[in-house]
Amino acid sequence: MESCRASCYKKQIDAMAQSGITTFGAVSSYGKDMRACHAAPQRVVYFNEAIGSQPAAVDALYHDFSARLHESMKLANEKFVPAVAIHSAYSVHPILIKKILKEHGDLLLTAHFMESPAEKEWLEKGEGDFKPFFENLLKQNRPLATPGEFLSQFKGKRVLLTHAVQADDALLDKIADAGHTITHCPRSNRLLGCGRLSIQRLQKRGIGCLLGTDGLSSNTSLSLWDEMRAALMMHHDEDLRKLAISLLRACTSIAACALNLPIGRIAEGMSADIAVVTLPSKLKSADQVVLEAILHTDNVDRLYIKGKQHAIK
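Residues numbered from 1 in each chain as written. Predicted model: local features only at pLDDT ≥ 70, side-chain atom pairs only at ≥ 80, totals over all residues. Heavy atoms only, no water.

This part covers the overall build of the protein chain. Assigned secondary structure in the protein chain consists of 14 helices and 10 strands. Expected size for 313 residues packed as a compact globule is a radius of gyration near 20 Å; at 20 Å, the protein chain falls within 12% of this value. Reported as C-alpha extents along the three principal axes, the dimensions of the protein chain are approximately 60 × 45 × 35 Å. Per-residue burial for the protein chain yields a buried fraction of 48% across its 313 residues. Considering only intrachain contacts with a sequence separation of at least 6, the fraction spanning at least 24 residues in the protein chain is 68%. Working note: accessible area of the protein chain is about 15900 Å², and carbon and sulfur atoms make up 54% of it. Of the side chains in the protein chain, 38 bear a positive and 34 a negative charge, and the two mean positions are spaced by 4 Å. (Helix = DSSP H or I, 4+ residues; strand = E, 2+ residues; numbered from the N terminus. Rg over C-alpha atoms; globule rule 2.2 N^0.38 Å. Buried < 20%, exposed > 50% of the residue type's maximum accessible area, 1.4 Å probe, protein only. Contact = heavy atoms within 4.5 Å. Areas by Shrake-Rupley, 256 points an atom, 1.4 Å probe, with all protein chains shown as cover. Lys, Arg positive; Asp, Glu negative; His and termini not counted. Charge placed at Lys NZ, Arg CZ, Asp CG, Glu CD.)

Listed below in structure tokens is the structure:
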């Protein structure tokens with residue numbers, strides 16, 4: 001089983017390298033992928049995830065989380081960066097969040113937030129599709145926190161919030177004021193029926209927007225080219241060429257800034273991470289380059305990580 005799991009991890013890590021990904025974030029609930037991520041040729045931000053809503057289990061949950069985080073910290077180096085993930089407002093008890101942030105709040109933080117209509121209805125009203133699950137299996141008849149209360153837990157800290165599809169204007173204002181960033185996952189949101197993130201509402205407030213896949217449990221690949229193509233089609237009311245440039249920045253410079261990594265831009269002091277692609281034909285104008293690259297690229301021709309060419313299989 002372990003060898004099979006390791007083989008699966010390596011297969012996906014290799015696939016990401018083939019598609020040109022030089023850095024990725026891994027959110028891990030159990031740490032089974034830790035060694036594979038540490039051995040990856042790419043730079044990895046390894047988010048140790050905390051999950052658990054039962055107050056009686058907080059100490060045990062924190063002990064398990066701390067043990068995993070400690071193991072990842074022992075492996076830390078310039079290309080393996082331990083970090084913290086709080087699963088969501090509905091699945092992590094506020095006491096557990098408080099304990100984690102008190103001890104480890106200086107690390108990079110991420111959390112799922114306001115992903116679906118069902119999550120929104122449960123957190124705001126204690127009703128909807130989530131209610132039978134929490135009442136019957138976990139004996140909870142009300143949510144752990146409102147969306148606003150969840151965000152308040154992170155006062156003074158910056159968080160990468162994944163999804164935020166169902167966040168209203170008031171929540172987006174809080175996100176903007178706190179300096180949080182949103183990770184947009186177009187394919188996962190579409191496949192799970194979560195709705196469409198309004199990137200105009202983010203731009204209006206100056207909220208940074210990254211692009212992510214949310215993992216293979218709700219997606220068909222870990223390719224950011226696939227994700228960018230999906231975003232091009234999903235946001236049909238945007239100018240195609242301008243959107244293409246915004247999406248490429250979401251995968252490079254904006255992501256690098258949110259992760260506090262010296263990558264994502266061609267500039268002095270930045271790591272030389274470069275993916276080389278070939279376009280299918282000669283272009284009539286330079287402003288077509290990014291759009292055509294997104295439309296026609298699956299795998300890259302060459303990949304350089306910190307200026308060193310990576311052998312693509």
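Back to the write-up after that little detour.
The subject of this paragraph is the nonpolar core. The biggest cluster of nonpolar side chains holds 40 residues, and the ones touching the most others in it are Val 84, Ile 86, Ile 100, Phe 113, Phe 150, Ile 175 and Ile 182. Those residues in contact with Val 84 that sit more than four places away from it in its chain are Phe 47, Asn 48, Phe 65, Leu 69, Ile 100, His 104, Leu 107, Leu 108, Leu 109 and Thr 110. Counting 33 residues, the second largest nonpolar core, distinct from the first, contains Ile 21, Phe 24, Ala 26 and Leu 291. (Core = buried A, V, L, I, M, F, W, Y, C linked by side-chain atoms within 4.5 Å.)

As a further point, take the sheet that holds strand 9 (residues 302-305). Reading across the sheet, the three strands line up as 8-9-10 and stay open at both edges, with antiparallel pairing between neighbours. Single-partner strands in this sheet number two, and they are strand 8 (274-276) and strand 10 (308-310). The mean angle between the axes of side-by-side strands here comes to 25 degrees, regardless of whether they run parallel or antiparallel. (Pairing = 2+ DSSP bridges. Axes fitted to C-alpha atoms, helices over the stretch in contact; angles between N-to-C directions.)

Under the definition given, this model contains nine aromatic pairs. Taking 5.0 Å as the distance between ring centres and 5 degrees as the angle between the ring planes, the aromatic pair formed by Trp 122 and Phe 134 counts as stacked. With a gap of 12 residues between them, Trp 122 in helix 5 (residues 117-125) and Phe 134 in helix 6 (residues 130-137) connect regions that are remote in the sequence. Note on accessibility: Trp 122 and Phe 134 belong to one class, buried. Judged by centre distance (5.2 Å) and plane angle (80 degrees), the ring pair of Phe 150 and Phe 154 falls under edge-to-face. Here Phe 150 matches Phe 154 in class, with each residue buried. Of the aromatic side chains, those joined through ring pairs into one cluster are Tyr 90, Trp 122, Phe 130, Phe 133 and Phe 134. (Phe/Tyr/Trp six-rings, centres within 6.5 Å; stacked < 30°, edge-to-face > 60°.)

Between helix 11 (residues 224-234) and helix 14 (residues 289-296), the least distance of the axes is 8 Å, while the angle of their chain directions is 110 degrees. If you check the angle between helix 11 and helix 14, you find them roughly perpendicular. Between helix 11 and helix 14 lies a crossing of left-handed hand. Taking contact as the criterion, the partners of Trp 225, Met 228, Arg 229 and Leu 232 in helix 11 are, on helix 14, Leu 291, Ala 293, Ile 294, Leu 295 and His 296. (Parallel < 35°, antiparallel > 145°, perpendicular 65-115°, else oblique. Left-handed = near helix turned anticlockwise from the far one by under 90°.)

Below, the discussion takes up the side chain of Ser 188. Tracing the backbone shows Ser 188 in helix 9 (residues 186-191). Setting aside residues no more than four positions away along its own chain, Ser 188 makes contact with Glu 115, His 163, Thr 213, Asp 214, Ser 218, Asn 219 and Glu 227.

Before going further, it helps to examine the side chain of His 112. Here His 112 shows up in strand 4 (residues 109-113). With relative accessibility at 15%, the residue His 112 sits in the buried group. Polar side-chain contacts of His 112 include one of 3.2 Å to the side chain of Asp 214. Not counting residues within four places of it along the chain, the set of residues in contact with His 112 comprises Glu 49, Ile 86, His 87, Ser 88, Ala 89, Phe 150, Thr 162, His 163 and Asp 214. (Polar contact = N/O pair within 3.5 Å; in protein donor to acceptor, adjacent residues only side chain to side chain.)

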